[in-house]
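Observations on the model geometry
One-letter residues, chain by chain:
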Amino acid sequence: MSLARRELPPFVDYVVLPAVNVITAFAAAGLVVLAIGENPIEVVKIMIVGALGNAENIGYTLYYTTNFIFTGLSVAVAYHAGLFNIGPEGQSTVAGIGVALVCLAFDGAPWWLVLPFAVAASVIFGAGWALIPAWLQARRGSHIVITTIMFNFLAATLIVYLLVNVMGKAGSMATETRMLTDATRLPFFATLLKPFGIDLGQSPVNPSFLIAIVASVAVWLLVWHTRLGYEIRTVGTNSQAAVYAGIDPARIIIIAMLISGGLSGLLAVNEVMAVQGRLLIDVAQGAGFVGIAVALMGRSHPLGIALAAFLFGILYQGGAELGFDIPKITRDMIVVIQALVILFAGALGNMYRPMLERIFARRPAARAHEAEA
Amino acid sequence: MTPSELHYPDDATAPPRDHARSPAIELIGVDKRFGTVHANRDIHLVVEKGTVHGIVGENGAGKSTLMSILYGFYHADHGRILIDGQEVTISSSHEAIRHGIGMVHQQFMLVDNFTVLENIILGAEGDRLVAKAERRARALLVRLARDYDLKVHPDAVVSTLSVGEQQRVEILKALFRGAETLILDEPTAVLTPAEADHLFRILAQLRDEGKTVLLITHKLREIMAITDTVSVMRQGEMVATWPTRAVTVEMIAEAMVGRRVLLRVDKGPSDPGRTLLAAEHLTVKDGRGVTVVDDVSFTVRAGEIVGIAGVAGNGQSELIEVLAGIIQPTAGHITLAGEDITGLDPADLRDRGLAHLPEDRQRVGLVLPFGGCENIILGYQDDPKYARGLFLDWKAIAATAKSVFASYDVRPGNAFLRAALFSGGNQQKIVCAREIERDPSVLLVGQPTRGVDIGAIEFIHKRLIALRDRGKAILLVSAELDEIRSLSDRILVMCGGRIVGECAPETPESEIGLMMAGLGDTAGERSERRNQGATP
Ligand SMILES: Nc1ncnc2c1ncn2[C@@H]1O[C@H](COP(=O)(O)OP(=O)(O)OP(=O)(O)O)[C@@H](O)[C@H]1O
Ligand SMILES: [Mg+2]
């Protein structure tokens, strides 16, 4: 008899609703494209070919996908504990510092030897950056949304300071560290797979994509198959019941945020150790915020997150291509289109829910009326 | 009406023979399925205007579903609804209200930090200026308070009101929106006996004013006391509609369950052993510094059920919570089988064999969006029985869930269904099954049969007594004095946070009632003062 009982069939919930959202987003983006006098169909074609047209383009798409999976998973784990982590951007930035420290310290050693340490550093630094907001939420009740936003700014300032004053390239004003040697830098799949006759061109996708897949499976196991995941979900759904069950919500909040921060941190392995080969000022490049949309769209389920991350990967890579092919569509335009998708698929994800509820609740009644007539 | 006009189950769907009144609501062939669950089967029901019409039935019989259809919350798969003889379609609660149907929800839909007045006009402001609506509402409130004894202070903040007062706000809300028919789904489950009496006075007056009341309840004496007509549902079907005057409690019970039900508890004398649970000078202060449990000492021995009687809100809930480790005492000690357990958390206490059946199943005892399996391990998630290394052993959990669902007759017996989708009484059975089947050495029980049908009450009572007879200690809190008296071996009476007396279960109800009211005792005055202090 509670309102919570009203619900959609799973098929509608997990397939129809996201599909309708994405279609709306593209329709709205199409209108924007029309408004500047370009053909939307043409634009879609360019984007799709640009993202999936050949092995190299797919490689680029998967590189973006990798980052989005990490941040999407990060947001999702926190969300299961009832927390809205807005901080993946800052957490991966700080993780970048950790990865850079490890890689620079071991510079020259073979990458497969350094990789475990780099991964560990990314997780520890990412988790560490999430720890203070987590503690403040758990023990002092400071709202995690506010604190994680603040920590994004702090991370941005911190990395500038470090790159200018401490870690920057000697004798240069550029805000970046020196390049890693080729031996230590995580090689791209393009390099690794060339001997097998697979040509991925210049695309930067690299073994951290596999780490992302492993992380997805791990999160799935964690959330639905471990005791800790059960406790996280209990706290996130009904903290009174959690206390009753002997689960300490404060402890779970801290643990969930540490895991969340660690997942965000993994992004730095992709960016620092592989793609850039050095630490730059902007580690996450907005992927932290895209992760929020990815988690929302993927309904905080790793499979949904992987698919949503792939969609956003297509959007980013296709959008980049668009800039080359249609000069009228500037970088800003692409950001607008991406923002529309985030808006409709993420933030307004439940806009159509009442409508679908009506359709799918009414149907049987309507049929009954027809039968009587 | 006379007994000769009785409608027996076989002709329950026949039109009413009393033509003096006109039907307020008519349901014709209403049918509703949820997947494989056939919640309402071809329901025909006539509700006469100006009557109180009771609906009874087992847990999961489909009562709430039927009312939800009437209130526009669900859509029937088949069937028609007539209001004042006019066929209507009700596809939202807004339309229901337009057709004069109001509902008093069991989970009150009030905004806690709004005042009574603000809650009442919320969504029905009608004017651009809230002030104007407020004036109108205030005037109406004064009139309704006078006419129906619906007293609540218009400017009191809802969170400071007692449950009974909050319910009155719900009724006022419906009347403010022009409700002619009022649906109440188990309204007395959360009320004290005095509040329930008050509610019935209000309902009787509403009826006398020509309003129609649809009342769902599991308490058959309420049916006998207040209703004009009673309808019985069983497994989705409407099996009988009778004038209340022509039937007995036993007849209704039998029609509900399809067999004879033992309406009183059958238990042998107790054989108390050593002390298992003891409280010494236990004191609890709440967040505002008010002493809610005041220097309470008592013992519960192996093989006995100790009942705590008291008007709701006199510290019983807090007493149970502090014993269960959910809140911490400000002074005093608790021992379990001789060991000091003061300050231990609920997980530790469970390990030591102290289980807790919480009074609020929906907010505390269950995680509603979780499935049956996940709820069956709530609190026992660390049990090695359910673990495979780091992972939960869902196979073992599902097997356990299935077997306790079967032994407690939880319907539907689907251990993967989310808890929110079970009917209220079946949710309660899930919690009872989880806690009682663990065979704890001490069980703290709050309102074990709230919202549970008579057949299931009998069953739960049997289980509790079987637990006692296995030498376990049970501490029972219940708003039902009947239940306390029939289950307990000893009764402690609580008032104003203190234990004001102890008596045997044979003590007459009136005598216990006097103790509960704290008459002749300073404790009573204290509780009075506190209650007044809480209402601005
Ligand atoms: N949204 C839903 N989805 C699936 N099943 C449902 C849903 N709502 C109700 N049911 C099922 O329909 C049946 C009737 O439920 P309903 O809540 O009407 O029972 P009830 O008579 O009010 O019982 P109680 O006395 O326990 O409150 C139950 O078996 C319940 O599990
Ligand atoms: Mg019900």
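To start, this report covers the structure provided alongside it. (Residues numbered from 1 in each chain as written. Chains lettered and ligands numbered in written order. Predicted model: local features only at pLDDT ≥ 70, side-chain atom pairs only at ≥ 80, totals over all residues. Heavy atoms only, no water.)

Helix and strand content of chain B: 18 helices and 22 strands. Residue pairs in contact within chain B that sit at least 24 positions apart in sequence constitute 67% of those at least 6 positions apart. Surface exposure of chain B reaches about 22000 Å², of which carbon and sulfur atoms provide 51%. Separation between the mean location of the 60 positive side-chain charges and that of the 73 negative ones in chain B comes to 2 Å. (Helix = DSSP H or I, 4+ residues; strand = E, 2+ residues; numbered from the N terminus. Contact = heavy atoms within 4.5 Å. Areas by Shrake-Rupley, 256 points an atom, 1.4 Å probe, with all protein chains shown as cover. Lys, Arg positive; Asp, Glu negative; His and termini not counted. Charge placed at Lys NZ, Arg CZ, Asp CG, Glu CD.)

This part covers a nonpolar patch on the surface. Residues and elements named next belong to chain A. Taken together, Val44, Ile48, Leu52 and Ile58 make up a surface patch of nonpolar side chains, about 290 Å² in accessible area. Tallying contributions element by element places helix H2 (residues 40–52) first for the nonpolar patch, with three residues. Note that Ile58 resides in helix H3 (residues 55–80). Overall, the relative accessible area of 32% leaves Ile58 in the partly exposed class. (Patch = residues over 30% accessible without salt bridge, like charges linked within 9 Å, V, L, I, M, F, W, Y side chains within 5 Å. Salt bridge = Lys/Arg side-chain N within 4 Å of Asp/Glu carboxyl O. Buried < 20%, exposed > 50% of the residue type's maximum accessible area, 1.4 Å probe, protein only.)

The interface is formed by 49 residues belonging to chain B together with 31 residues belonging to chain A. Summed over both partners, the interface of chain B with chain A comes to about 3500 Å²; 57% of that surface belongs to carbon and sulfur atoms. Here chain B and chain A share two salt bridges between them. Our count for the contact surface shared by chain B and chain A stands at 13 residue pairs in polar contact (both at pLDDT 80 or more). Among the secondary structure elements, those contributing two or more residues to the side of chain B that touches chain A are strand S4 (78–83), helix H10 (346–351), helix H11 (361–365), strand S18 (391–392) and helix H14 (424–436) of chain B. Looking at the side of chain B that touches chain A residue by residue, the classes come out as 24 nonpolar, 14 polar and 11 charged. (Buried area = accessible area lost by both parts, 1.4 Å probe. Polar contact = N/O pair within 3.5 Å; in protein donor to acceptor, adjacent residues only side chain to side chain. Nonpolar A, V, L, I, M, F, W, Y, C, P; charged D, E, K, R; others polar.)

All names here are of chain A. Contact pair helix H5 (residues 111–140) / helix H6 (residues 144–166): the axes reach a minimum separation of 9 Å and the direction vectors enclose 155°. Comparing the axis directions of H5 and H6 gives the class roughly antiparallel. As H5 runs across H6, the sense of the crossing is right-handed. Of the residues in H6, those in contact with Trp129, Ile132, Pro133, Ala134, Leu136 and Gln137 of H5 are Ile144, Thr147, Thr148, Phe151, Leu154, Ala155 and Leu158. (Axes fitted to C-alpha atoms, helices over the stretch in contact; angles between N-to-C directions. Parallel < 35°, antiparallel > 145°, perpendicular 65-115°, else oblique. Left-handed = near helix turned anticlockwise from the far one by under 90°.)

Here the focus is helix H13 (residues 394–407) of chain B. All names here are of chain B. The end-to-end C-alpha separation of H13 is 20 Å, in line with the 20 Å expected for 14 residues at 1.5 Å each. Those residues of H13 not exposed but buried are Ile397, Ala398, Thr400, Ala401, Val404 and Phe405. Projected down its long axis, H13 shows its buried positions confined to an angular sector of 160°, all on one face. Exposed residues pointing more than 90 degrees away from the buried face of H13 are listed as Lys395 and Ala406. Those residues of H13 that are buried are in contact with helix H12 (372–376), S18 and H14. Looking at the residues trailing H13, positive phi occurs at Asp409, about 55°. (Expected span 1.5 Å × (residues − 1). Arc of directions from axis to C-beta.)

Once that is clear, we can look at the sheet that holds strand S5 (residues 86–88) of chain B. All names here are of chain B. Ordered in space as S2-S1-S4-S5, the four strands form an open sheet in which the pairing is antiparallel. Two strands bound the open sheet, and with one partner strand each, they are strand S2 (37–48) and S5. Within this sheet the neighbouring strands show an average axis-to-axis angle of 25°, counted without direction. Of the pairings in the sheet, the one linking S4 to S5 comprises three bridges and is antiparallel in character. Paired with Ile83 across the two strands is Gln86, which belongs to S5. (Pairing = 2+ DSSP bridges.)

On to the packing of aromatic side chains, then. Within the structure shown, the criterion is met by 11 aromatic pairs over all chains. Each ring, one from Phe73 of chain B and one from Tyr74 of chain B, has its centre 5.4 Å from the other, and the planes form 50°; the classification is tilted. Judged by its relative accessible area of 14%, Phe73 of chain B falls in the buried class. On the basis of relative accessible area, Tyr74 of chain B is assigned to the buried category, the value being 9%. An angle of 80° between the planes, with centres 5.9 Å apart, marks the rings of Phe405 of chain B and Phe422 of chain B as edge-to-face. Of this pair, Phe405 of chain B sits in helix H13 while Phe422 of chain B sits in the loop between H13 and H14, placing them 17 residues apart in sequence. Considered together, Phe405 of chain B and Phe422 of chain B belong to a single accessibility category, that of buried residues. Taken together, the ring pairs in this structure connect Tyr63, Tyr64, Phe68 and Tyr316 of chain A into an aromatic cluster. A cation over a ring is seen here: Arg350 of chain B above Tyr244 of chain A, with NZ or CZ 4.7 Å from the ring centre. (Phe/Tyr/Trp six-rings, centres within 6.5 Å; stacked < 30°, edge-to-face > 60°. Lys NZ or Arg CZ within 6 Å of the ring centre and 35° of its normal.)

A few words on the site of ligand 1. If you check the shell around ligand 1, you find 21 residues, and the closest are Gly60, Ser64, Thr65, Ser423 and Gly425 of chain B. Ligand 1 sits at a junction of chains, with neighbouring residues supplied by chains A and B. In this structure, an oxygen atom belonging to ligand 1 sits 2.7 Å away from a side-chain N or O atom of Ser423 of chain B. With respect to ligand 1, the backbone of Gly425 of chain B contributes an N or O atom lying 2.7 Å from an oxygen atom. Protein burial of ligand 1: of its 640 Å² of free accessible surface, 94% is covered by the chains. Mapped onto the shell around ligand 1, the elements with two or more residues apiece are S2, helix H1 (63–70) and H14 of chain B. Here the residues of the shell around ligand 1 are counted per class, giving eight nonpolar, nine polar and four charged. For the shell around ligand 1, the two domains that each supply at least three residues are domain 1 (3–100 + 180–257) and domain 2 (275–531) of chain B. (Near = heavy atom within 4 Å. Domains from an automatic or database assignment.)

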